[in-house]
Amino acid sequence: AMIFNNVNGHPDDRVLIGLLSSRARVGRMLGCEPDRLGHLLGECAGRPLEPVVKEGPAPCQEVVHRAEEEDFDLFRLIPAPTNTPDDAGPYITFGMCYASHPDTGRGDVTIHRLCIQGKDELSIFFTPGARHIGAMAEQLGQRLPISISIGVDPAIEVTSCFEPPTTPLGFNELSIAGALREKPVELCPCLTIPEKAIANAEYVI
């Protein structure tokens with residue numbers, strides 16, 4: 001794990017990478033012996049604790065920037081690194097993408113890399129059928145409003161990686177994070193789209 005304290009173009013920001021790259025470190029963060037992590041996560045998947053919606057102002061909404069503002073620019077607002085010369089641009093590597101099925105209202109979270117393509121545009125690479133939100137959008141055949149939460153509890157980052165058959169389509173992985181912390185993950189209504197975001201995230205798009 002490394003932290004960068006001097007980031008070009010972002011004098012007030014720091015960037016942490018590799019936080020979850022060590023099983024021993026993840027075990028310490030989740031209060032578990034490293035060799036029992038898989039068992040603990042499996043147990044939590046078997047006793048999910050559903051997220052709750054937080055009413056009123058959320059920590060992630062203390063500062064708001066709107067895309068219609070003249071100086072809005074994702075390149076300036078988010079200290080996303082361009083990791084290699086072959087990357088298409090700066091990447092958000094731990095974006096928690098949250099969407100809900102329009103008919104059932106059932107929420108789902110998956111983790112994705114997101115490339116900043118322009119001052120108000122991001123791209124996400126979907127492997128057909130490989131991730132819950134991509135599969136949902138494929139099935140619906142329509143535009144799917146999503147929120148992107150960055151800088152969240154490591155319990156959410158770890159459990160958002162769950163996929164079938166452990167968690168079938170429609171299973172909200174935030175409920176595993178809730179069981180892991182023995183406290184429901186708090187969501188908040190988004191300000192500009194009919195969706196919810198992780199209330200305690202550092203950034204929400």
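Residues numbered from 1 in each chain as written. Predicted model: local features only at pLDDT ≥ 70, side-chain atom pairs only at ≥ 80, totals over all residues. Heavy atoms only, no water.

Taken together, the 5 strands give an open sheet; going across it, the order is S6-S5-S4-S7-S10, and neighbouring strands pair in antiparallel fashion. Only two strands of the sheet have a single partner each, and these edge strands are strand S6 (121-124) and strand S10 (203-204). Relative to strand S5 (residues 107-118), strand S4 (residues 91-100) runs antiparallel, the two sharing 8 bridges. The partner of Gly95 across the bridge, within S5, is His112. (Pairing = 2+ DSSP bridges. Helix = DSSP H or I, 4+ residues; strand = E, 2+ residues; numbered from the N terminus.)

Once that is clear, we can look at the layout of surface pockets. One number sums up the size of the largest pocket: a volume of about 1,400 Å³. Around the largest pocket sit 38 residues that line it, and Ile146, Ile148, Thr192, Val204 and Ile205 are the ones nearest its centre. Elements that contribute at least two residues to the lining of the largest pocket include exactly helix H3 (74-77), S6, helix H4 (132-140), strand S8 (186-189) and S10. Element by element, the count of residues in the lining of the largest pocket is highest for S6, at 3 residues. Of the residues contributing to the lining of the largest pocket, the split by class is 28 nonpolar, 3 polar and 7 charged. Lining the second largest pocket are 26 residues, with Arg14, Val15, Leu16, Ile150 and Gly151 positioned closest to its centre. Looking at the lining of the second largest pocket, the elements with two or more residues in it are strand S2 (15-17), S4 and helix H5 (154-159). Top element by residues in the lining of the second largest pocket is S4. It accounts for 4 residues. Considered class by class, the residues forming the lining of the second largest pocket number 17 nonpolar, 4 polar and 5 charged. (1 Å grid on protein atoms, 1.4 Å probe; cavity = no way out; pocket = protein on both sides within 12 Å on 5 of 7 lines; lining within 4 Å. Points joined across faces, edges and corners; volume = space filled by probe spheres on them. Nonpolar A, V, L, I, M, F, W, Y, C, P; charged D, E, K, R; others polar.)

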